[in-house]
Structures are given as C-alpha cells and as structure tokens.
Amino acid sequence: MINQGFSWATGTFFMTSAQELRLVGDFATGDGAGGSGTQVAEMGLGKGEWREEGGERQGKEMFNGGFAIANQGFYSGNRTEFRLSDEVKQAGFRIEPGELESICRSHDINSLDFKGGVEGLAKKVSVSLNDGVVSSDVPVRQRIYGCNKYAEKPSRSFWMFVWEALHDLTLIILMVCAVVSIGVGIATEGWPSGMYDGLGIVLCIFLVVLVTAVSDYRQSLQFKELDKEKKNIIVQVTRDGNRQKISIHDLVVGDIVHLSIGDQVPADGVLISGYSLSIDESSLSGESEPVSITNRKPFLLAGAKVQDGSCKMLVTTVGMRTEWGRLMVTLSEDGDDETPLQVKLNGVATVIGKIGLTIAVLTFLVLTTRFLVTKGMKGEIGKWSLEDALVLLNFFAIAVTIIVVAVPEGLPLAVTLSLAFAMKKLMNDKALVRHLSACETMGSATCICTDKTGTLTTNHMVVHKFWTCGEIRTVQSNGDLDGFKSSVSETVLNILLQSIFQNTGSEVVKGKDGKNTILGSPTEKAILEFGLNLGGDFKVHRKESEILKVEPFNSVKKKMSVLVSVPDKGFRAFCKGASEIILSMCHNMMNADGKVVALSDDQRQSISGVINDFADQALRTLCLAFKDVQNVSTSDSIPEDNYTLIAIVGIKDPVRPGVKEAVKTCLAAGIKVRMVTGDNIHTAKAIARECGILTDDGLAIEGPDIRDKSPLEMAELVPRLQVMARSLPLDKHTLVTHLRKQFKEVVAVTGDGTNDAPALHEADIGLAMGITGTEVAKENADVIIMDDNFTTIVNVARWGRAVYINIQKFVQFQLTVNIVALMLNFTSACISGSAPLTAVQLLWVNMIMDTLGALALATEPPHDGLMKRPPIGRNENFITRIMWRNILGQSIYQLVILAILNFDGKRLLNLSGSNATETLNTFIFNTFVFCQVFNEINSRDMEKINVIRGIFGSWLFIMVMVSTVAFQIVIVEFLGTFAETVPLSTELWLVSILAGAGSLIMAVIVKCIPVGIGKEAAAITKHHDGYEPLPSGPDLA
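What you see is a predicted model; the values in this text were computed from it and never measured. (Residues numbered from 1 in each chain as written. Predicted model: local features only at pLDDT ≥ 70, side-chain atom pairs only at ≥ 80, totals over all residues. Heavy atoms only, no water.)

Caption draft 1: Quick peek at the overall build of the protein. In terms of helices and strands, the protein carries 36 helices and 34 strands. Here the protein, with 1037 residues, has 53% of them falling under the buried criterion. Restricting to contacts in the protein with at least 6 residues of sequence separation, those with at least 24 account for 70%. With the model as given, the accessible surface of the protein reaches about 45100 Å², and the carbon-plus-sulfur share is 57%. (Helix = DSSP H or I, 4+ residues; strand = E, 2+ residues; numbered from the N terminus. Buried < 20%, exposed > 50% of the residue type's maximum accessible area, 1.4 Å probe, protein only. Contact = heavy atoms within 4.5 Å. Areas by Shrake-Rupley, 256 points an atom, 1.4 Å probe, with all protein chains shown as cover.)

Caption draft 2: Region of the structure containing the UniProt feature "transmembrane region" (unreviewed entry) in the protein. Residues annotated by UniProt as "transmembrane region" (unreviewed entry) correspond here to residues 165-188, 194-214, 351-373, 393-422, 951-976 and 988-1006. Secondary structure across residues 951-976 comprises 81% helix and 0% strand; the distance between its end C-alpha atoms is 33 Å. Overall, residues 988-1006 shows 100% helix and 0% strand. The separation of its end C-alpha atoms is 27 Å. (UniProt positions renumbered as here; feature names shortened; annotations may be inferred.)

Caption draft 3: Layout of the pattern of salt bridges. Scanning the entire structure with this criterion turns up 30 salt bridges. For Glu 779, the salt bridge is made with Lys 305, and the minimal N-O distance between the two is 3.3 Å. With Glu 779 in helix α28 (residues 775-779) and Lys 305 in strand β15 (residues 305-317), this pair connects stretches of sequence that are 474 residues apart. Look at Glu 779 and you get partly exposed, because its relative accessible area is 40%. By relative accessible area, Lys 305 is classed as buried at 7%. One connected set of salt bridges, linked through shared partners, spans Glu 101, Arg 105, Arg 321 and Glu 323. (Salt bridge = Lys/Arg side-chain N within 4 Å of Asp/Glu carboxyl O.)

Caption draft 4: Region of the structure containing the side chain of His 464. Mapped onto the secondary structure, His 464 falls in strand β18 (residues 462-468). Judged by relative accessible area, which is 18%, His 464 ranks as buried.

Caption draft 5: Quick look at the packing of aromatic side chains. For the coordinates displayed, the defined rule picks out 11 aromatic pairs. With a centroid separation of 5.8 Å and an interplanar angle of 75°, the aromatic rings of Phe 158 and Tyr 217 are classed as edge-to-face. With a gap of 59 residues between them, Phe 158 in helix α7 (residues 158-165) and Tyr 217 in helix α9 (residues 196-231) connect regions that are remote in the sequence. Between the aromatic rings of Trp 844 and Phe 967, the centroid separation amounts to 5.0 Å while the plane-to-plane angle is 50°, which identifies the pairing as tilted. Taken together, the residues Trp 844 in helix α30 (residues 839-857) and Phe 967 in helix α33 (residues 955-974) connect sequence positions 123 residues apart. (Phe/Tyr/Trp six-rings, centres within 6.5 Å; stacked < 30°, edge-to-face > 60°.)

Caption draft 6: How the structure looks around unusual backbone geometry. You will see that Lys 430, though not glycine, has its phi angle at about 75°, which is positive. For Lys 430, the position within the fold is in the loop between α14 (410-428) and β16 (431-433). Using a relative accessible area of 45% as the deciding quantity, one classes Lys 430 as partly exposed.

Caption draft 7: Expanded view of the nonpolar core. If you look at the biggest cluster of nonpolar residues, it comprises 141 residues, and the most contacted ones within it are Met 442, Ile 765, Phe 790, Ile 807 and Val 811. Once residues lying within four places of it in the same chain are set aside, the contact partners of Ile 807 are Leu 341, Leu 345, Ala 414, Val 415, Ser 418 and Phe 878. Grouped together as the second largest cluster of nonpolar side chains are 45 residues, Leu 112, Ala 122, Val 270 and Ile 293 included. (Core = buried A, V, L, I, M, F, W, Y, C linked by side-chain atoms within 4.5 Å.)

Caption draft 8: Here's a closer look at the environment of Ala 422. Looking at where Ala 422 falls in the secondary structure, it is placed in helix α14. Classification of Ala 422 as buried rests on a relative accessible area of 0%. If we ignore the near neighbours within four places in the chain, the residues touching Ala 422 are Cys 439, Trp 799 and Val 803.

Caption draft 9: How the structure looks around the environment of Asn 846. For Asn 846, the location among the structural elements is in helix α30. Once the C-alpha coordinates of Asn 846 and Gln 814 are considered, the two residues, 32 residues apart in sequence, prove to be 9.4 Å apart.

Caption draft 10: Quick look at the packing of helix α21 (residues 601-616) against helix α23 (residues 681-691). Contact geometry of α21 with α23 gives a least axis separation of 7 Å together with a crossing angle of 15°. Between α21 and α23, the crossing angle belongs to the class labelled roughly parallel. Like other packed secondary-structure pairs, α21 and α23 cross with a definite hand, here right-handed. Contact residues: Asn 612, Ala 615 and Asp 616 in α21; His 682, Thr 683 and Ala 686 in α23. Partitioned by chemical class, the residues of the contact of α21 with α23 number 2 nonpolar, 3 polar and 1 charged. (Axes fitted to C-alpha atoms, helices over the stretch in contact; angles between N-to-C directions. Parallel < 35°, antiparallel > 145°, perpendicular 65-115°, else oblique. Left-handed = near helix turned anticlockwise from the far one by under 90°. Nonpolar A, V, L, I, M, F, W, Y, C, P; charged D, E, K, R; others polar.)

Caption draft 11: Examining the packing of helix α29 (residues 790-832) against helix α31 (residues 881-908) more closely. Direction vectors running N to C along α29 and α31 enclose 30°, while the axes themselves pass 9 Å from each other. Considering their axes alone, α29 and α31 lie roughly parallel with respect to each other. Of the two possible hands of crossing, α29 and α31 adopt the one that is right-handed. On the side of α29, the interface is formed by Gln 808, Val 811, Gln 812, Leu 815, Thr 816, Ile 819, Val 820, Met 823, Leu 824, Ser 828 and Ile 831, while α31 contributes Met 883, Trp 884, Asn 886, Ile 887, Gln 890, Ser 891, Gln 894, Leu 895, Leu 898, Asn 902 and Phe 903. Of the residues contributing to the contact of α29 with α31, the split by class is 13 nonpolar, 9 polar and no charged.

Caption draft 12: Molecular detail of helix α5 (residues 117-124). For α5, the tally of buried residues reaches 6 of 8 residues, placing the bulk of the element in the interior. Just past α5, the residue Ser 126 takes up positive phi, approximately 55°.

Caption draft 13: A nonpolar patch on the surface, seen in detail. Together, Leu 888, Ile 892, Val 896, Ile 900 and Leu 908 give the surface a local cluster of nonpolar side chains, amounting to about 450 Å² of exposed area. Tracing the sequence through the fold places Ile 892 in helix α31. (Patch = residues over 30% accessible without salt bridge, like charges linked within 9 Å, V, L, I, M, F, W, Y side chains within 5 Å.)

Caption draft 14: Geometry of helix α32 (residues 916-938). For α32, built from 23 residues, the straight-helix expectation of 33 Å at 1.5 Å per residue is met to within 8% by its first-to-last C-alpha distance of 32 Å. Summarising burial for α32: 20 of the 23 residues are buried, a large majority. (Expected span 1.5 Å × (residues − 1).)

Caption draft 15: Expanded view of the sheet that holds strand β32 (residues 747-751). Reading across from one edge, β16-β34-β33-β32-β17-β29-β31-β30 is the order of the 8 strands in this open sheet, with mixed pairing throughout. Each edge of the open sheet is held by one strand with a lone partner, namely β16 and β30 (699-702). The sheet shows a mean angle of 20° between the axes of neighbouring strands, direction not considered. Where strand β17 (residues 447-450) meets strand β29 (residues 672-676), 4 bridges bridge the pair, whose relative direction is parallel. Within the sheet, the bridge partner assigned to Cys 449 lies in β29 and is Arg 674. (Pairing = 2+ DSSP bridges.)

Caption draft 16: A look at the environment of Leu 301. For Leu 301, the position within the fold is in the loop between β14 (299-300) and β15. For Leu 301 and Asp 268, which are 33 residues apart along the polypeptide, the C-alpha to C-alpha distance reads 4.4 Å. Not counting the four nearest positions on each side in its chain, Leu 301 is found in contact with Cys 104, His 107, Val 265, Ala 267, Asp 268, Glu 281 and Leu 284.

Caption draft 17: Highlighting the confidence of the model for the protein. Across the protein, pLDDT averages 80, with 84% of residues at or above 70. This model gives residues 332-336 a pLDDT under 50, and the stretch forms 8 contacts once residues within four places in sequence are excluded. pLDDT under 50 marks residues 1014-1037. Its contacts with residues more than four places away, or in other chains, come to 38 contacts. (pLDDT = per-residue confidence, 0-100.)

Okay, structure coming up:
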C-alpha cells in the first residue's frame, strides 16, 4: 500500500523508497490518491511515448519485458500534482514553473523520465535543443518563469545614515548641552537672545551629521554599483540558431547554455550533452567532493562551478526559484570589511581620542576651579544663579567639544573616501576592485608575477608558420595556403582538417550578418581560422564522425584529446597540445603522399629544432597528432602513445602596445616583474626580452626544474628568477609562497584559469583576467583586469600608492589641527580662565578638519613621481619621521602666532572699546581657520617645496578650499549671533590671511630640515632585488 493505494502483480515487485516502485514480472495495478488519470506502461529501457487525452495520460515504456497499469498518483508515490494554469497554456508552454523547480531541486529522475527526458522538457517549454530560444519569446518567458535576478536586501535609505550619524556619543552629549543651554539661556536672558548659544551648537551638529550622512550614503551607492558589476557574469547560449554571449541576468527558462572548465552554472538546468563533466557544488552543499554529471544524474544547480569537462544544458529554473537565489538573499553584502589600513588608523584614532579626553577633563577642571576660586575671592561662593549654571554648562560644552575635535573620526572616513575614489577611477580604467583592501595593498607591491598570453601580448592570435610533411611554410596570405594544398595529398589535408575541427572545444557559428564567428579561446580561434582558410567546413567535418570521448585541455596535462568513430575505419584518436609533450607521444609522421612513416632519431631532433626555431621567433607552438584505434570500450581512456605527427603550428601573438613602457615604469618603482607562463621556454624568453622583463643577468627556467629544488637552492635562485616557462599552476603557487614567506615580498599575481585559484588566493593581491578569466579565477581574485592588459595592472599599483600617500597627507594635516586646537584651549584655560575658541567654532574647525579635509586630501589623483620611488614595505610604520617633522613645525608656528594674539593681541592690533575682547577672539578664530586652509595646501606634498603644482588638476580640492573660505566669511560676518563672532574690518581680514599664509613659508623652512632614517631602514643597506630604500624611510611613530 502506498499513498492509500493498492497493487497486485503476477510477478514480483519491490519498493526502494516511498516515491519509487520497481516491478519485475508481468502485471501490476494500483489505485492511489494522487490523481484520477490512468497510466499504461510497458516498463523497459527508460524511453517512453506519452500523450494526453482529456486529462488522462497514456504511455508506453519497455521494462524487463513486463508492463504495469497504475494510477498516476501510485506511479509517483507522494509526488505533488501541478495543474496547468490558463496563463501558462496561453503562453504556449505545457509545464508549470513550480513543477520545473520541483524536478530540478529534488533531482527527481523519475519525473524527468516521465516527462520524456530533456527532449520532453524542451518540448514542454517550447524550445528547440538545436536552435535555442527565439529572442522575441524572451519577455514572455520572463513573465511566466521569472527573470534570472536575485532579490537583494533593500538599500538603506539616506535617513538611515542620518540616524546612524546621530548615534555618535559625543554629539549626543553636545545635543543635551545645547538643549540645557537653550533652557537656561531663555530663563536668564529672555527670548530670543538666550537661545542663540545653544542653537549655534545645534546648527553645527546638524551640519556635521548632514555632511557625514551624505558622504556615507554616496559610498554605499558606489559599493552597490560595484557589487552589481561583480555579479554580472557573461554566459554563452544558443539563441535563434546562433551561439552568442549574453549577461547572466538576461538568461531565461529554455535557454541552451554552453559550459566549460571554470564556468559558474548560471541557473538550474538539465544536461543535454557533455564530456567528462565534473561539478563542484561546495558553495551549495558544503561537500568538497566533485559531483559527476551523467545522463542518469543530469541535474545542474545554479552557483556550482564546472571543475572539469564541458557541456550543454537546458535552463529549467532561474532567479529566486533556484536554491542559489534563495541563498544569495542571505549573503547579499553591504560593502567590504575594514581594510588593514583602516584597522591601523582606528588604533591611532583611539590613542588620540584618549589624549583628547584627558585634556578635555583637565580643561574643564581648570576652568571650573578658576571660576570657583574667583567666586570665593568675591565672597559669593554661597550665592548661585542661573548665570553661574550657564557658565559651568559652557565650560562643560567646551570640554565635550574638545573631545569632538580630538577624536579623529575622519581617519577611517578618509581611508574609505580615498579607496572608494580610487575604485571608481580604476573602474573607468578597466580594473574592477572586488576587495577594498587590494587598493591599498597594491601600493606596497614589490613583485608582479604575470601571465604572458593576453596580459603581455594582445591575445589576438594567428597561425604565422606551420610545419607538416617535413616542410616549414609561412602564412602571409591565403595564396600561401593554396600552394600548400596543391603540394600535399588529399589524405594529408583531410586528416589535418579532421584534427583541427574534431579536436576543439570551440565552435564556428554563423552570425546574424551571415559571417562566420569563432567562439572559444584565442589559441583555438587561431587554429580554427587556419582550418577555415585551408578550405575546411566546421559542420561538415563534425558530421563526418561521432565524438565518443573528450579529454578537455587543462594546465596540468597541457594537451587536449578526443576519440571519434570513423565510418568504415573503426576509431581514431586526435591529440594536440604543448609541442614537446605531443612530440614525445609520437612514433610516426605523415609524408606528403599521406603515408605513415616511422620517426627516426634524426627526424625527431630536426622537428625539435623546428619547435625551438618557432619559439625563438616568439611564436607559440602546438603539435597536432592522430592515432587509429581498432577496439574501444567505454571504460578505456584515450591512448597516450604511439601517435602519428600531423603538423606543428607556430601561432603569433604580438606584444601589447605600451607593455614595454609599463614594465620599465615598474622597474623604476622598485617592482620586479616576473613572467610565469605555460609556454615553451624559448617563446617565453623571446617575449620576455621584447617586454624588457628578461635582462642579461636574469634567470629563465622551466617549471619542472623548480619543483625538486631545496629551500637553500630556492633562496639562491628566486632573486634572479625573471621567467618561469612550462609551469603548472602548482609551480606558480610554490613561487608565490616562497616570495611571500622567505623574501617577505608583497606579491601581486595574475591568473585566468581555474587552476590559478590557489596562487591568486595565496598572493597578497590576486589579479584575474576579465576577458579570458574563468569565474573560479575571478572569485578568488581581489581585482579583475577587465581588458587583460598589463598596463592596467601598473595603473592599479599607481592608484594604490596614491591611496597610501593621500591618507598619510590627511593624517599629517589632522594631527596638526588636533595638537593646535587642544593646546590652545588648554593653555588659555590654565592662564586666562577662558577658552578663545567656543563650542560652535570648534565644531566648525572639526568639520574642516575631518570631512572636508578628507574630501580634499584623500581624493588627490596620482602623479608620475609616485612610480619613481620604491614601494612601502610590508611592516613599515604608517606615520613617518618626515610627517612628524612637518606636524611639529606647523604646530609650533601656529601655537606661537595664536598664543601671541591671545595674550597680547589687543595691544598689537590696537583694539579698544566695548567689543575689543569679542573682536580679538573672532580674529584668533579667523587666523586659526586660515592657518588650517594654508596647511591643507602644505599637506599636498610632504617632501617637495612646490605644493602648488597640479593643484588645478584636482577640482575637488579647489572646491573644498573655496567652500571653506566662503563659509568662513559667512560665519564671521553674518552668523555672529550663533558663532559668537563679530564682523572684522578689511585690515583685520588681511592680517588673518597673511598670518595663515605664513604657514607656507614655515613649510619651506621645515622641509629644509634633514630627517635621519630609522634604525630598521638603516639596517637595510640594499633591497634584495637591487633597489635602494627611500632615503627618508618610515620609522617608529
């Protein structure tokens, strides 16, 4: 009994699960609660003919010679029944979205068979497995079956950021002070004059909160934009009978998707056909074991990665109906974690904050003590009024404001601003930064391990020379090939064309314009183009024989093999790959008459000479070979030896324009460039010399040579190593590990293949190729180089250095303001009993210093000088002696100027009258602000005297400067009631500006003071790759 049904059989039956009944015998019937239709089946080999009549399903299926009659509900056990909705029927489909989802998610092979397998599913979603979806049907499919987009967490609104900014503890304390101040002020001074002090603080708090919220909100939008870019994967599909590339978001149910090694499965689907397909589902199941996909296990799930093989799949479920879609909602990210520099600066901010807190408490205690002593001396210690309470409240507000000024919350903001600014600029320059920290780390890179093909070269490959039947031929035009065709037999040409068109992972398709388009890797494109120019036809040669087995190319074997059945001739294996590997597998060769002759030792040596000659001309060499096989079983692998050599092709891949200059820039910047390639060592050396990577004293070795070296030998070999050829991904990983751990290098590594993932992960900065890179490589990378160009990598390094230097400039500027503001208020409180800078004024200075300062200094674009100095070491301290020299020099200048004005300003400025004190305090405030404005200009360069150069190239810096000065004029001249200022005369404005401008002269004097290098830097006499460290290197801060 199943599902309240019953059965009898004249034979035998057994049950393997609640959902499956297997029959071995003659006859069985069942009546269950699952449905009312009647199903007739002759059970057999898994292929059935099904038709629907009046809601009833009838079918035939051969099985163990017996047949079964069962109610539909009984057949499927507990399977859910899906009724076809009118909407789906009218759209021309015969299966519900929910049923498709259920079949794929539960891997229900019985239901798939019941529908007629993948062919049956294709009919139900109205698609041809050969031609794919018709483009005009896409909107209908999206309406019925959904879009391939995942629901995202709703973005935080602007008001959420305002709310977060208001949660700052010091601002909350200030708000309480402001409210109490307004209450006490109105009670003592009346309305409205009593509320101005408190209202001034409220307005300043509002301004600080607004600027912080706007800045954070803009960053969140930018991160969201970058996140979208990261998730926009390009997939290959067959649509309208043509193979084409589309965005993953445009995928619909019914699409025929082509997958190969390293691709991410873009949606749930069912296998149509494939070879050696192995899938990594660890991102979904947590299981690290790869899953083999076969015709009896045909289900592919979105989010999984193709670990080996290739396939075509029919998309059955998209978007939020997939398991991956549901998982992505919980994983959607709001941005990156804190970068190492942010963590380091948070530590600095904490220390400065504690110092500020101490000074604030001392200032409050000094002011309060002086107030009480004065009151006691007047004999009024027992008399208290609201005015006295207001004075004490004002002291407390000043103390809290000192904390606000002292806590450099602008430090983490400056890092985020600078990194986000760099990320946006790099995105325009074809580099997509996936992890924020990569930007700053790239500025410290001391070594770049780069691929050759597509990174240093253009990746636009053509067959330039080829060897066959003992002769070398150069391909300049199709006429050269006509001469070749007339000089060899038909047999040679046919086998050459078969080896080109049968043994390929690429495809020749006709575009909408009727022209041939080759889809695949650049190397495959070059060989297929060569085959087409020889007069071959991709579809004709593919139909000549049936492909039985494929071993796709991978970077370990460095070859691709295929086994095909040849009509009337049995079976034939084709193999192509790295020349020396394929040559070692060949025992014969073909002559011009098409006869197979044995390879003598002399011929083998001569062919090796041809390979080396091609490689010395910077040509990428590949060998093509074949072998006739008599008997083949399904368990046999493709033969590995006794092949017949057909041809050697030399593929030309020119060096990219600008690469030589980019390598030169790297060397000048103390960044060593190493080429790591799978190519022949002669080809690698030729290209490396052309790029300027391989020098006369440099070393070029092959991957196998590095594997057996001892740590001591590696220590001698690695510093001179400039080229590693015939390398496996594991060799790249070994090299990166040695460079990082033994030589303490900061290593950037490029990669495009799935097997490059470990090296990309191990490196300090993983750089994946955007065009040729697999999804697995991109996922393990920190930066995606969208144009695969080495020049873009150098640009990332330039911006990385700019980020680091910009943050240093900002820290120098901020620490100067901190020291001056704290010391001025504290010393003044101790000596005169009052603070010259009020709470409102200090809040304005805080905003100049934190938010506006960060905007101005942290977003300066890089200049060429950055790439003419060695990189910043891995463990070097952030605040250098140069920075301390500048900070102390400027602080002393500002404190001396402001102290003289504070204690003798009235006499020097000839101020008298009832408002002399207010005028002096306003003048001190104005001078203090202009000192910061000019010091901000000083901070543009920490070492060079000319700080004006390039200032007009940074529009943001100019904008911040202009807005700061404009708002300062408004505060002094028009907002006196709130800011406790009075309008100043033209003469006093001029003196203020001149006093501030004096910091420019002070900067020139300070920069002439030599700074000794620290102990660590002094100990390092020379960098191991021959570059001197900075003469004024960083030391302990």
